[in-house]
2 protein chains.
Amino acid sequence: MKHIYTGKTKDVYALADGNYLLKFKDDVTGEDGKFDPGANTVGLTIEGAGRAGLKVTKFFFEILNARDIPTHYIDANIEDATMTVKPATAFGKGLEVICRYRAVGSFLRRYGMYAEEGQQLDAFVEVTLKDDLRQDPPISEDALDMLGILSKEEYKILKALTQKIGTIIKEELEKKDIELYDIKFEFGRIGADGQIALIDEISGGNMRAYKNGQYIEPLELEKLMLEA
Amino acid sequence: MKHIYTGKTKDVYALADGNYLLKFKDDVTGEDGKFDPGANTVGLTIEGAGRAGLKVTKFFFEILNARDIPTHYIDANIEDATMTVKPATAFGKGLEVICRYRAVGSFLRRYGMYAEEGQQLDAFVEVTLKDDLRQDPPISEDALDMLGILSKEEYKILKALTQKIGTIIKEELEKKDIELYDIKFEFGRIGADGQIALIDEISGGNMRAYKNGQYIEPLELEKLMLEA
């Protein structure tokens, strides 16, 4: 097993069989010692954060795999805080795909002239470029196509997959009386035919969720999700 | 004739026949005494700027009308610096529609990870909200539809019209050895059936143009365009 990449919250190892091992770390992104899933720097280390994120990730990926939704997930070892995944290639230098059920965050900062805070959105999908330097700019279907990042045909698949996965996760949260406001995903191409599949993780840090009108912190969300 | 609105660079009057009169002023947008067509404040007054903008606007609108492209333009009186137009309603609280032939400006600021400065773009269309407070954010086809600003059907028409008009203007500039890099338009709905039509003006301040690799200032561009 060969170490090939050190990420902010995960290390990546290549396995002999061609798959990859993701090691979840207790480092979380944030600023000034405060956990902020949207931040681009590692802010602090929280004992158990890696395992908690992996447990939730495993929980959701196993539901998705059982429903035949393409993902990179193979299996997970909670004790070691590792997840085995299929190799995947990113779209361009990486995209984030957001699915929104309520108008909050950057959506509201951009479209506040037309939307009220907390207004319901019908699984609204938008794509942003992973580009810290340029503040992860939103990008349109036309621009993705023109810049050779994603074809129109692939965009359709990506959008439909995003709404399908978002809704499955939303329904799982609802079982715990938690309401999903928005969630961000990463996708890649896997296999010989470059099938579009969900990659990375699905943990508290990927979503904004509320319970009884109160925002739930990522680690608290993971605790609530994994309670019997 | 009733004064109904004082704009940054134009005053608007309602005519008895239901049409409107736009009075082009010599006030131009800018900051710190420097002309900047993209600025949101009036920066200075330039003798003759109103008439120059109107002359170019008249020139282009008459070409478009002759080609049966829907516009709000009826006629213009250069001496009075006035243009008579049909009544139009904006999309939402106003949109700007940009057609790009080269990667510069905000396109490059957003997508510089994937595009080189000056790279050719194939009449790429994007839409931004007119919202000074939120720095005129870009908005996708899906968001325009969801927020009730523009239907998917209308977006298709808007995009096709933008590319058609952009290309006509590009060809006109080429006759003077000027290369159009990008241009912004405003559209509205006119007539009983709410037909999508080009509104506002088409002057040097709406476009970025180069001659022999040199950027041409709006007023200089207007001079070059109107030379015999």
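Quick caveat: nothing in here was measured; it's all calculated off a predicted structure.

**Student:** Would you take a moment to explain the overall build of chain A for this structure?
**Tutor:** When its secondary structure is counted, chain A shows five helices and 16 strands. For 228 residues, the compact-globule estimate of 2.2 N^0.38 gives 17 Å, and the C-alpha radius of gyration of chain A, at 17 Å, lies within 12% of that figure. Along the longest, intermediate and shortest principal axes, the C-alpha atoms of chain A span 55 × 40 × 35 Å. For chain A, with 228 residues in total, the buried portion stands at 50%.

**Student:** Looking at this structure, how should I read the relation of the copies chain B and chain A?
**Tutor:** One copy of the chain maps onto the other through a rotation about an axis followed by a shift along the same axis. Superposition of chain B onto chain A requires a rotation of 180° combined with a translation of 0.0 Å along the rotation axis, giving an RMSD of 0.0 Å. Each copy turns onto its partner about a two-fold axis. Of the C-alpha atoms belonging to chain B, the one lying closest to the rotation axis is found on Ser140(B), 2.9 Å away. With an isologous cut-off of 70% or more, the 100% of interface residues of chain B that recur at the interface of chain A puts this contact in the isologous class.

**Student:** Please clarify how the domain arrangement of chain A should be interpreted in this entry.
**Tutor:** Accessible area lost when the parts come together is the quantity often used to give the size of an interface. Residue and element names in this part refer to chain A. Parsing chain A into structural domains produces domain 1 (2-88) and domain 2 (89-220). On the domain 2 side, the residues contacting the 28 residues of domain 1 number 26 residues. Across the interface of domain 1 and domain 2, roughly 2,200 Å² is buried in total on both sides, 68% from carbon and sulfur atoms. A per-residue breakdown of the area domain 1 buries against domain 2 is headed by Phe-60, Pro-70 and Ala-88, which together make up 26% of the total. Inspection of the region where domain 1 meets domain 2 yields three salt bridges. Residues Lys-8 and Asp-132 are paired through a salt bridge, measuring 3.9 Å at the closest nitrogen-oxygen approach.

**Student:** Would you mind showing me how to read the environment of Phe124(B) here?
**Tutor:** Looking at the secondary structure, you find Phe124(B) in strand S11 (residues 120-129). Looking at Phe124(B), the relative accessible area reads 5%, which means it is buried.

**Student:** Could you clarify how one ought to interpret the sheet that holds strand S1 (residues 2-6) of chain A in this entry?
**Tutor:** Working definition: the strands of a sheet are paired by backbone hydrogen bonds and lie parallel or antiparallel to each other. All names here are of chain A. Spatially, the five strands line up as an open sheet ordered S1-S2-S3-S8-S7, and their pairing is antiparallel. Edge positions in the sheet fall to S1 and strand S7 (73-77), since each of these pairs with one other strand and no more. The mean inter-strand angle of the sheet, taken between neighbouring strand axes irrespective of direction, is 25°. Of the pairings in the sheet, the one linking S1 to strand S2 (residues 10-14) comprises four bridges and is antiparallel in character. Bridge pairing links Thr-6 to Asp-11 in S2. Where helix H1 (residues 49-66) meets the sheet, its contacts fall on strand S3 (20-24), S7 and strand S8 (82-85), and the angle it forms with S7 comes to roughly 145°.

**Student:** I would appreciate a short explanation of the packing of aromatic side chains in the present structure.
**Tutor:** Under the criterion given, the structure shown has 14 aromatic pairs over all chains. Relative to Phe124(A), the ring of Phe107(A) lies with its centre 5.5 Å away and its plane at 70°, an arrangement referred to as edge-to-face. You can see Phe107(A) sitting in helix H2 (residues 105-111) and its partner Phe124(A) sitting in strand S11 (residues 120-129), a full 17 residues away along the chain. Take Phe107(A) and Phe124(A): they sit in the same class, and that class is buried. Ring plane angle 15° and centroid distance 3.9 Å describe the contact between Tyr181(A) and Tyr210(A), whose orientation is recorded as stacked. Of this pair, Tyr181(A) sits in strand S13 (residues 179-190) while Tyr210(A) sits in strand S15 (residues 207-211), and the two are 29 residues apart along the sequence. Members of the aromatic cluster, joined through ring pairs, are Phe107(A), Tyr111(A) and Phe124(A). Positioned over the ring face of Tyr114(B) is Lys93(A), at 5.3 Å from the centre of the ring.

**Student:** Explanation requested: the packing of helix H1 (residues 49-66) of chain B against helix H4 (residues 152-174) of chain B in the structure shown.
**Tutor:** In a packed pair of helices, the relevant descriptors are the angle between the two axes and the axis-to-axis distance. Residue and element names in this part refer to chain B. One way to put it is that H1 packs onto H4 with a least axis distance of 11 Å and a crossing angle of 125°. The angle between H1 and H4 falls in the class oblique. Here H1 and H4 pass one another in a crossing that is right-handed. Contacts from Phe-59, Phe-60, Ile-63 and Leu-64 in H1 reach Ile-165, Ile-168, Ile-169, Glu-172 and Leu-173 in H4. In terms of residue class, the contact of H1 with H4 is built from eight nonpolar, no polar and one charged.

**Student:** Is there a simple way to think about H4(B) in this case?
**Tutor:** Taking 1.5 Å as the rise per residue, H4(B) with 23 residues should run 33 Å; its terminal C-alpha atoms sit 33 Å apart, in good agreement. Taken together, the buried positions of H4(B) are occupied by Glu154(B), Tyr155(B), Leu158(B), Leu161(B), Thr162(B), Ile165(B), Gly166(B), Ile168(B), Ile169(B), Lys170(B), Glu172(B) and Leu173(B).

**Student:** Looking at this structure, I do not really get the sheet that holds strand S5 (residues 34-35) of chain B. What am I missing?
**Tutor:** Residue and element names in this part refer to chain B. If you trace the three strands from one edge of the open sheet to the other, you get S5-S4-S6, paired in antiparallel fashion. The open sheet has two edge strands, S5 and strand S6 (42-45), and neither has a second partner. Alignment of strand S4 (residues 27-31) against S6, held across three bridges, turns out to be antiparallel. Residue Asp-27 lies in a different strand from S6, and its bridge partner there is Thr-45.

**Student:** In this structure, what is going on with the side chain of Ser203(B)? I would like to understand it.
**Tutor:** Residues and elements named next belong to chain B. Mapped onto the elements of the fold, Ser-203 is located in the loop between strand S14 (195-199) and strand S15 (207-211). You can call Ser-203 buried: its relative accessible area is 4%. A distance of 2.5 Å separates a polar atom in the side chain of Ser-203 from a polar atom in the side chain of Glu-201. The contacts of Ser-203, once residues within four sequence positions are left out, are Gly-53, Val-56, Thr-57 and Glu-222.

**Student:** How should I be thinking about the environment of Thr41(A) in this particular structure?
**Tutor:** Residues and elements named next belong to chain A. Among the secondary structure elements, Thr-41 is positioned in the loop between strand S5 (34-35) and strand S6 (42-45). Classification of Thr-41 as partly exposed rests on a relative accessible area of 41%. Put simply, Thr-41 and Asp-132 are 91 residues apart on the chain and 9.9 Å apart in space, counted from C-alpha to C-alpha. Sequence-distant contacts of Thr-41, defined by excluding residues within four places in its chain, comprise Lys-8, Val-28, Thr-29, Gly-30 and Glu-31.

Parameters at a glance
Residues numbered from 1 in each chain as written. Chains lettered and ligands numbered in written order. Predicted model: local features only at pLDDT ≥ 70, side-chain atom pairs only at ≥ 80, totals over all residues. Heavy atoms only, no water. Helix = DSSP H or I, 4+ residues; strand = E, 2+ residues; numbered from the N terminus. Rg over C-alpha atoms; globule rule 2.2 N^0.38 Å. Buried < 20%, exposed > 50% of the residue type's maximum accessible area, 1.4 Å probe, protein only. Least-squares fit on C-alpha atoms with pLDDT ≥ 70 in both. Contact = heavy atoms within 4.5 Å. Domains from an automatic or database assignment. Buried area = accessible area lost by both parts, 1.4 Å probe. Salt bridge = Lys/Arg side-chain N within 4 Å of Asp/Glu carboxyl O. Pairing = 2+ DSSP bridges. Axes fitted to C-alpha atoms, helices over the stretch in contact; angles between N-to-C directions. Phe/Tyr/Trp six-rings, centres within 6.5 Å; stacked < 30°, edge-to-face > 60°. Lys NZ or Arg CZ within 6 Å of the ring centre and 35° of its normal. Parallel < 35°, antiparallel > 145°, perpendicular 65-115°, else oblique. Left-handed = near helix turned anticlockwise from the far one by under 90°. Nonpolar A, V, L, I, M, F, W, Y, C, P; charged D, E, K, R; others polar. Expected span 1.5 Å × (residues − 1). Polar contact = N/O pair within 3.5 Å; in protein donor to acceptor, adjacent residues only side chain to side chain.

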